[in-house]
Amino acid sequence: MPEKPEKNESDVVAKTVEAVMATLAPILKEISLSPEKIEAIRRPWVDPNQAETERKLREQMANDEKRGRAKNKAVQDACAKMGHRHPQDPTKNTVNIIRNFHDGQSRGICQRCLKIIQPLHWEIYYDDKDPNGRRVAIPEDEDYYIVRQLESTGANSGFGTAI
Ligand SMILES: [Zn+2]
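None of these values were measured; they are calculated from a predicted model.

Some details on the overall build of the chain
Along the backbone of the chain there are four helices and five strands. Listing every helix and strand of the chain by position from the N terminus yields α-α-α-β-β-β-β-β-α. On the principal axes, the C-alpha backbone points of the chain span a range of 125 × 50 × 25 Å. Here the chain holds 163 residues, and the buried ones make up 9% of them. The contacts of the chain with a sequence gap of at least 6 include a subset with a gap of at least 24, amounting to 43%.

Focus on the sheet that holds strand E1 (residues 95–98)
The strand order across the open sheet formed by three strands is E1-E2-E3, and the pairing between neighbours is antiparallel. Unpaired on one side and paired on the other, E1 and strand E3 (116–117) mark the two borders of the sheet. When strand E2 (residues 107–110) meets E3, the two strands line up antiparallel, connected through two bridges. Across the sheet, residue Gly 108 finds its bridge partner in E3, namely Ile 117. Strands in contact with helix H4 (residues 144–153) are E1, E2 and E3; relative to E1, the strand with the most contacts, it is inclined by about 75°.

Comments concerning the environment of Arg 99
Along the chain, Arg 99 turns up in the loop between E1 and E2. Judged by C-beta crowding, with 10 C-beta atoms within 10 Å, Arg 99 ranks as exposed. Separated by 57 residues in the primary sequence, Arg 99 and Asn 156 place their C-alpha atoms 9.2 Å from one another.

Some words on the domain arrangement of the chain
By domain assignment, the chain separates into domain 1 (3–43) and domain 2 (51–153). The centre of domain 1, based on its C-alpha atoms, is set 76 Å off from the matching centre of domain 2.

Points about the nonpolar core
In terms of nonpolar packing, the biggest core is built from seven residues, these being Cys 79, Val 95, Cys 110, Ile 117, Ile 146, Val 147 and Leu 150. A total of three residues in this core trace back to one element, the largest contributor, which is H4.

Observations regarding H4
Where H4 is concerned, the buried positions are Ile 146, Val 147 and Leu 150. Taken down its axis, H4 places every buried residue within 100° of arc, on the same side. Positioned one or two residues after H4, Gly 154 has a phi angle of 80°, which is positive.

Section: unusual backbone geometry
Of note, His 84 is a non-glycine position whose phi angle comes to about 50°, a positive value. Considering the arrangement of structural elements, one finds His 84 in the loop between helix H3 (50–81) and E1. According to the C-beta neighbour criterion, His 84 is buried, with 23 such atoms within 10 Å. Even without a glycine there, the phi angle at Leu 114 is positive, about 60°. Tracing the chain through its elements places Leu 114 in the loop between E2 and E3.

Quick look at the pairing of strand E5 (residues 134–138)
The element E5 is barely covered by neighbouring structure, given that only zero of its five residues are classed as buried. The sheet contact formed by strand E4 (residues 121–125) and E5 spans five bridges and is antiparallel. Considered in E5, the bridge of Ile 124 is made with Arg 135.

Examining the environment of Ser 10
Here Ser 10 shows up in helix H1 (residues 3–31). Among the residues examined, Ser 10 registers 10 C-beta atoms within 10 Å and is labelled exposed. Taking C-alpha positions, Ser 10 is 102 Å from Asn 156, a pair spaced 146 residues apart along the chain.

About the criteria used
Residues numbered from 1 in each chain as written. Predicted model: local features only at pLDDT ≥ 70, side-chain atom pairs only at ≥ 80, totals over all residues. Helix = DSSP H or I, 4+ residues; strand = E, 2+ residues; numbered from the N terminus. Buried ≥ 20, exposed ≤ 12 C-beta atoms within 10 Å, placed from the backbone. Contact = placed C-beta atoms within 7 Å. Pairing = 2+ DSSP bridges. Axes fitted to C-alpha atoms, helices over the stretch in contact; angles between N-to-C directions. Domains from an automatic or database assignment. Core = buried A, V, L, I, M, F, W, Y, C linked by C-beta atoms within 7 Å. Arc of directions from axis to C-beta.

Next comes the structure, spelled out in structure tokens:
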């Protein structure tokens, strides 16, 4: 009589499977993908604080730029106070001449602080009323005398020349 226990066994298995499926059914229903869920998955994630995060980053960038400009100006002012002189040889300055500007006027650039020493010149800024722009006269840099001295000696830089 081997059939009877098998039938009982299959009944037990069937009942067990049924019970397991009964417990799994809500879970399976929960994890099944409905069209709404698929659409929600495909939708790109949007940071709810995006505007605030961007504002903070812009503010941080502006502060960094402002701090960098202030530091650069402090270095250039300190170098100008020393007359853009070479630290090991104060009889020589660290200014090189730039002669290829479009307005034909010579400029100087300090090798230590990277300050561009400019003569009196015009700069043109954007103007929404005038298509030719707004012309502004920029006064001569107070260190321009170094460029004049170099020009008068015919040197390209003050490093090789004692002035
Ligand atoms: Zn300098």
